[in-house]
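Each chain, letter by letter, is given below.
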Amino acid sequence: MPDGGDAPLVVADLKKRYGRQEVVRGVSFRIARGECFALLGPNGAGKTTTLRCCLGLAGAASGHISLCGFEVPAAARAARMRVGVVPQMDNLDPDFTVAENLLVFGRYFGLSAAEVRARTPALLEFAGLEGKAAAPIQSLSGGMKRRLTLARALVNDPEFLVLDEPTTGLDPQARHLIWDRLKRLVQQGRTLLLTTHFMDEAERLADRLAVMDHGRIIGEGSPRAMIAQHVEAQVVEVYGEWNGSGVSAWAEQRAGAFAARAEVSGETAFCYVNDARPLLAHLAGEPGLRYLHRPANLEDVFLKLTGRELRD
Ligand code: ADP
């Protein structure tokens, strides 16, 4: 269990601007040892900038960062020796084989070729890439490349891992495999910080999460606590025809009688309720309307906190 004592990452009142735009506006959070912490937020929220500041790859305007016991940026290099990073874009070297990529990366950490070779079989086994040591990078699938990037991030046996959208672009099978490996890393006692756009990913993996928007943290807690705190327990998604028009007419005129909150997005009215029975009874008498009744989830929290408008 996380002990919280010697937190591997402490961020206090972090601020960062690019030109005149303040993109991180006073962010504070703490990640306990052995914890998986997820940073969520729409595009442009400031997640990647926050990660880059934590790693000392971007200079902060102000604030305090301690990573694995080292002050950042002053001792960022020493801190990074204890950290593994899985970047958003795979940046494996296409001119090298799988094993050579591990070797080159190990050098950054001052590891000898013999040390990396000794670690390679276990890293490839972890990544499900046994027998691929001599394979060229171009021959790997997207999922294999991601797993190799994860294995590469482990070459220095880091206590802390930063993963920027680790499963973006992967098919469901490949995502499940990455999730399984990330859970194993937490079971080994490592600490994880990840960003993701997938709420199911955050809900499955994260012990705690923070939602960021416009450079600030606007919600923080365990997935379950966030759901309990921010949204009603159940959701009824209503769609179809009502009195010759779309569902928005029904939402405007009738949903308020049954739902604490109803939001129309596209062709669907999302009705948030603590007791769905009166609404379901009403819908039973509306043959043009169809519905999906489900428990509230993290996506509902995310949309409530950050809104439904598109971000580019
Ligand atoms: P997120 O990871 O949440 O999508 P980012 O941290 O990448 O958000 O970006 C936050 C804001 O900072 C965006 O408006 C983005 O355009 C801007 N930004 C990020 N990196 C730079 C940079 N190197 N130069 C100028 N603006 C940047």
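In case you missed it, the structure is sitting above this.
Small disclaimer: the values here were computed from a predicted structure and weren't measured. (Residues numbered from 1 in each chain as written. Predicted model: local features only at pLDDT ≥ 70, side-chain atom pairs only at ≥ 80, totals over all residues. Heavy atoms only, no water.)

Chemist: Help me understand helix 1 (residues 47–54) in this model?
Modeler: Count 3.6 residues to each turn of an α-helix, and residues three or four apart come out pointing the same way. When you tally the buried positions in helix 1, you get six out of eight residues, the bulk of the element. The complete set of buried residues in helix 1 reads Lys47, Thr49, Thr50, Leu51, Cys53 and Cys54. Positive backbone phi, at 75 degrees, marks Gly56, one or two positions downstream of helix 1. (Buried < 20%, exposed > 50% of the residue type's maximum accessible area, 1.4 Å probe, protein only. Helix = DSSP H or I, 4+ residues; strand = E, 2+ residues; numbered from the N terminus.)

Chemist: How do you make sense of the pairing of strand 12 (residues 261–265) when you look at a structure like this?
Modeler: Taken residue by residue, a regular strand's side chains alternate between the two faces of the sheet. The pairing of strand 12 with strand 13 (residues 268–273) spans five bridges and is classified as antiparallel. Note that in strand 13 the partner of Val264 across the bridge is Ala269. What sits between the antiparallel neighbours strand 12 and strand 13 is a turn of two residues, in which Gly266 has the positive phi angle 60 degrees. (Pairing = 2+ DSSP bridges.)

Chemist: Teacher, can you tell me more about the packing of helix 3 (residues 98–108) against helix 4 (residues 113–126) here?
Modeler: The geometry of helix 3 relative to helix 4 is characterised by a closest axis approach of 9 Å and an angle of 130 degrees between their N-to-C directions. Between helix 3 and helix 4, the interaxial angle falls into the category oblique. Both helix 3 and helix 4 take part in a crossing whose hand is right-handed. Contacts from Val98, Leu102, Leu103, Gly106 and Arg107 of helix 3 reach helix 4 at Ala113, Val116, Arg117, Thr120, Leu123 and Leu124. Across the contact of helix 3 with helix 4, the residue classes break down as seven nonpolar, two polar and two charged. (Axes fitted to C-alpha atoms, helices over the stretch in contact; angles between N-to-C directions. Parallel < 35°, antiparallel > 145°, perpendicular 65-115°, else oblique. Left-handed = near helix turned anticlockwise from the far one by under 90°. Contact = heavy atoms within 4.5 Å. Nonpolar A, V, L, I, M, F, W, Y, C, P; charged D, E, K, R; others polar.)

Chemist: Hey, could you run me through the packing of aromatic side chains in this one?
Modeler: What the rule picks out here adds up to three aromatic pairs. Considering the side-chain rings of Phe105 and Tyr108, the 5.5 Å spacing of their centres and the 80 degrees angle between planes classify their relative orientation as edge-to-face. You can see Phe105 and its partner Tyr108 sitting in helix 3, three residues apart, about one turn around the helix. Pairwise contacts between aromatic rings join Phe105, Tyr108 and Phe109 into one cluster. A cation over a ring is seen here: Arg181 above Phe126, with NZ or CZ 5.9 Å from the ring centre. (Phe/Tyr/Trp six-rings, centres within 6.5 Å; stacked < 30°, edge-to-face > 60°. Lys NZ or Arg CZ within 6 Å of the ring centre and 35° of its normal.)

Chemist: Just checking my understanding: could you explain the nonpolar core for this structure?
Modeler: In globular proteins that are soluble, nonpolar side chains generally tend to be buried together. If you look at the biggest cluster of nonpolar residues, it comprises 51 residues, and the most contacted ones within it are Leu40, Leu148, Leu163, Leu182, Leu185 and Leu298. Per element, the largest residue contribution to this core is five residues, and it comes from helix 6 (residues 172–187). There are two domains that each give this core at least three residues, and those are domain 1 (9–227) and domain 2 (232–295). Counting 28 residues, the second-largest nonpolar core is a separate cluster that includes Phe29, Ala45, Ala76 and Val162. (Core = buried A, V, L, I, M, F, W, Y, C linked by side-chain atoms within 4.5 Å. Domains from an automatic or database assignment.)

Chemist: Would you explain the state of the cysteines in this entry?
Modeler: Here, disulfide denotes a covalent bond that connects the sulfur atoms of two cysteines. As enumerated under the stated definition, the model contains zero disulfides in all. The thiol sulfur of Cys54 is not disulfide-bonded, and the nearest other cysteine sulfur, from Cys53, lies at 7.0 Å. The thiol sulfur of Cys68 is not disulfide-bonded, and the nearest other cysteine sulfur, from Cys54, lies at 11 Å. (Disulfide = S-S within 2.5 Å.)

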